[in-house]
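Each chain is listed here by its residues.
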Amino acid sequence: MENIKVIAFSLRDEEYGLNIDYVQSIERLSPITRVPNVPSYVKGVINLRGNIIPLIDLQSKLNLGQVEYSESTRVIIVKFEEIELGFIVDKTSNVINIPSDAIEAAASSGFNTDHFEGIAKYEGQLIILVNLKEIIKTEANESDVED
Amino acid sequence: MDLNNYLEMFIEESKEHLQSINDELLKLESDSTNTAIVNEIFRSAHTLKGMAGSMGFDDLASLTHEMENVLDLLRNSKLTITSEIMDVIFKCVDLIERMVDSIESGGDGKENVTEVVTQLKKIQNPNHTELVSASREVAATAEFVLDEFQATVISEATKSGMNIYQIKVSLDTNCVMKSIRAYLVFQAAEELGELIQTIPTVEQIEEEKFEDSFTLLMLSERSSQEIHAALINVSEVREVIVDERTGIENPEMANSSATVESEKVESVNRQQNKEDSNVAKKKQRSKSIRVDIDKLDQLMNLFSELIIDRGRLDQIARKSQLSELTETVEHMTRISTDLQGLILNMRMVQVEQVFNRFPRMIRDLAKELNKKVQLVIEGSETELDRTVIDEIGDPLVHLLRNALDHGLETAEERAATNKVEEGTISLKAYQSGNHVFIEVSDDGKGINREKVLNKAIERAVVSEAEAKTLTDQQVYSLLFSSGFSTADKISDISGRGVGLDVVKTKIESLGGLITIDSTPGNGSVFHIQLPLTLSIIYAMLVKVEEETFAIPFNSIVEITTADENQVTTLQGQKVIQFRGQVVPLVFLNEVLQVPPTNASVDKQQQFIVIVRKGNQSRGIVIDSVVGQQEIVLKSLGGYLTNLPVISGATILGNGQVALIIDSNQFF
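Below is a summary of the structure that appears in this document. Here the structure is a predicted model, which is why all the values come from computation and not from measurement. (Residues numbered from 1 in each chain as written. Chains lettered and ligands numbered in written order. Predicted model: local features only at pLDDT ≥ 70, side-chain atom pairs only at ≥ 80, totals over all residues. Heavy atoms only, no water.)

## Thoughts on a nonpolar patch on the surface
- A surface patch of nonpolar side chains, about 490 Å² in accessible area, is lined by Val176, Met177, Ile180, Tyr183 and Leu184 of chain B.
- With respect to the helices, strands and loops of the structure, Val176 of chain B is situated in the loop between strand S1 (163-171) and helix H9 (178-192). (Patch = residues over 30% accessible without salt bridge, like charges linked within 9 Å, V, L, I, M, F, W, Y side chains within 5 Å. Areas by Shrake-Rupley, 256 points an atom, 1.4 Å probe, with all protein chains shown as cover. Salt bridge = Lys/Arg side-chain N within 4 Å of Asp/Glu carboxyl O. Helix = DSSP H or I, 4+ residues; strand = E, 2+ residues; numbered from the N terminus.)

Structure (structure tokens):
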């Protein structure tokens, strides 16, 4: 049976998971430079060891509202194909192994399915698995529209 | 041994050798008696052959070997150089180049070499065909290059008692359909035994690419008389010479003894040339290593991190007022400044890398167009950033082709206008300040102003009224507008309707400029201005509210201040008067949606950065000026693309990111 390794993190009081294959590193929040004329969930860019990385506030991207950043706020640096960016999340917990049969398709639970791959049941918790490809793709489309 | 590790090295070095062969061949063309040049070519070819052989690219090795044989005859004065020989060698070099390219792109480096090999062989033995009919010995040595499979077939067959024959068939000189006769000969031969190979190849014979004789290699149980009788019966066959071959059973042996022999010759020659080869070696051996450009980029990134840390250390040192710490930080600052210069320098490459492929191109093109031309190259030692070098080749190719195709007249036309028959195209590079200039000029007929204008009006690029007011420069620059071609017919050379607009776009994407000057009857000059490097630029750091932005220096004309009352409006657009000119204002805080802070209450005086594009100006309104600085240009990555007004970002001394303003977008 196959396991999926995900990085678990929280947004508000909900638990989310991101496939570890896409994750480059987890960073503390560093000073952000605002970028003009971008969607509001794009918080700006940071300098990550000499590379410029755009940051997305995942909470506002997923329409969960916005909270103040705290000591526990982290940035998950992901790389999908050639695109590198960082997700701002409330806090990261740990890396967990989820058996693939413990994942339920997001569609069957009847909520906005675009951004999610599925829901994993893990030790009594529900973890929402983020669909990175969709999140990045819709970004590009939306900013195109704004142009 | 895993050859893949060496593949890259092999490709790089092969290319170097090919380039040097090309260069030397061009020299040889103008100085055909100079055996030192032939020696130089020979050495490169020999090295190339050796490398290809040891990498297992046998086709490449054997083709180079044939070329080497010809060169060997040339340098020993057994042959004199003719333009035909040069052409064949050039063709051969092209083929080798294609093979190397194929290997580079992951292919097997195989090309159809038969034609060139035959030509090379013909050079080595020009009397080949005549000699064969004259003497049997020579006929027997006509070279069949057997592959392994054929060799095995032959050795197996001879073991089982078959004979191997080399048969030379000559057709009547006035035979009309040679290929059909040849086909009949093949048919007759196939009834008698098995055909192994033919010279020229069957395909070539079918296409009638042979004089009036061809040679077959065949296996048969029959006697040579029987074969002779059968083949001579085909009508219009003038002569059949059947030779029984014995020496061919073991082709490997024959081959290796031949190579031993040629190796021996080489070593003798090498001894002869020992002295001048030593000289040449000393000259060429500059100590260098190849570094992947990505590694340099990485080094640069790491280095900018170091600079940021240095900045922090500097602050800490100042606060702590420990003299030892301060001294150390100062020392570190000096060293890192030197280091920065060095790293930037490492990315610089001489334009020679691009320029050196042009002489060959011009030569071929001139031949094709039947024009006489001399290419003069100056300043090939000028250095440019590697990233620019990689991009500049194509536009230059286009401009040179353009100069040769449209700029220069034919020899007759030139003679008619009292010019020397041989035209001159010159390619010149030089550095000035933070820019490198490249000029492509020709002494041809120049640009026909009227023709350009008529075309522009015809294509609705300008209106007739506008056309009357244009300066010469403006007219010439119409050539860069898209879809514009002044050539009466689109020629193959200038690239099927792709115009100069592509060149202009490319140059501008490199942060450069291109302009044209022309004098009717005396030729035209294309000026290209390029930034020294794409990764480091001079910029003015400015502040809007609390945010810092960088404005590239090359578009800035001046920085000025203006009082509130100097700003007036024209049709709602805020403008100032600056040196007698009305300059529209761009408020950066509005364009960039900078959130206002409390500190912005008192704004009696405004800083205005005057930027220019062409002959238009804009004033960018900012809050304060931080200062000028060299900044490292960074891309915003694949996620944030096509941002308005922002062209990239840079990292400041405090580790923060500042966005770079693309002031061209304000126009």
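## Focus: the packing of helix H4 (residues 83-104) of chain B against helix H17 (residues 358-369) of chain B
Residue and element names in this part refer to chain B.
- Running from amino to carboxyl end, H4 crosses H17 at an angle of 125°, the nearest separation of the two axes being 13 Å. The angle between H4 and H17 places the two elements in the oblique class. The crossing of H4 and H17 is left-handed. Every residue of H17 that contacts H4 at Asp87, Phe90 and Asp94 is listed here: Arg360, Arg363 and Lys367. (Axes fitted to C-alpha atoms, helices over the stretch in contact; angles between N-to-C directions. Parallel < 35°, antiparallel > 145°, perpendicular 65-115°, else oblique. Left-handed = near helix turned anticlockwise from the far one by under 90°. Contact = heavy atoms within 4.5 Å.)

## What about the sheet that holds strand S2 (residues 193-199) of chain B?
All names here are of chain B.
- Ordered in space as S2-S3-S1-S4, the four strands form an open sheet in which the pairing is antiparallel. Of all strands in the sheet, those with a lone pairing partner are S2 and strand S4 (237-245), marking the two edges. The average angle at which neighbouring strand axes cross in this sheet is 25°, direction not considered.
- Alignment of S2 against strand S3 (residues 213-220), held across six bridges, turns out to be antiparallel. Within S3, the position partnered with Ile199 by the bridge is Thr215.
- Seen against the sheet, helix H11 (residues 224-232) touches S1, S3 and S4 and runs at an angle of roughly 160° to S4. (Pairing = 2+ DSSP bridges.)

## Comments concerning the packing of aromatic side chains
- Under the defined criterion, the tally for this structure stands at six aromatic pairs over all chains.
- Ring centres of Phe355 of chain B and Phe358 of chain B lie 6.2 Å apart, and the angle between their planes is 45°; this geometry places the pair in the tilted category.
- Taking the relative accessible area as the measure of exposure, Phe358 of chain B reaches 0% and is therefore buried.
- Note that Lys61 of chain A overlies the ring of Tyr41 of chain A, its terminal NZ or CZ placed 4.5 Å from the centroid.
- Geometry around Phe42 of chain B places Arg75 of chain B over its ring, the cationic atom sitting 3.6 Å from the centre. (Phe/Tyr/Trp six-rings, centres within 6.5 Å; stacked < 30°, edge-to-face > 60°. Buried < 20%, exposed > 50% of the residue type's maximum accessible area, 1.4 Å probe, protein only. Lys NZ or Arg CZ within 6 Å of the ring centre and 35° of its normal.)

## Topic: the environment of Leu427 of chain B
- For Leu427 of chain B, the location among the structural elements is in strand S8 (residues 423-432).
- Taking C-alpha positions, Leu427 of chain B is 8.9 Å from Ser380 of chain B, a pair spaced 47 residues apart along the chain.

## Notes on helix H5 (residues 114-124) of chain B
All names here are of chain B.
- For H5, the complete set of buried residues consists of Val116, Val117, Leu120, Lys121 and Ile123. Seen along its axis, H5 keeps its buried residues to an arc of 155°; they face one direction.
- The elements touched by buried residues of H5 are helix H3 (58-75) and H4. (Arc of directions from axis to C-beta.)

## What about the interface of chain B and chain A?
- Counting from both sides, the interface comprises 25 residues of chain B and, opposite them, 24 residues of chain A.
- When the area that chain B buries against chain A is broken down by residue, the three leading residues are Tyr639, Leu640 and Val657 of chain B, summing to 33%.
- The interface formed by chain B and chain A includes one salt bridge.
- Residues Glu547 of chain B and Arg34 of chain A are paired through a salt bridge, measuring 2.7 Å at the closest nitrogen-oxygen approach.
- Between chain B and chain A we count five residue pairs in polar contact (both at pLDDT 80 or more) in total.
- When residues of the side of chain B that touches chain A are traced back to their parent elements, those giving at least two are helix H14 (293-320), strand S21 (646-651) and strand S22 (657-661) of chain B. (Buried area = accessible area lost by both parts, 1.4 Å probe. Polar contact = N/O pair within 3.5 Å; in protein donor to acceptor, adjacent residues only side chain to side chain.)

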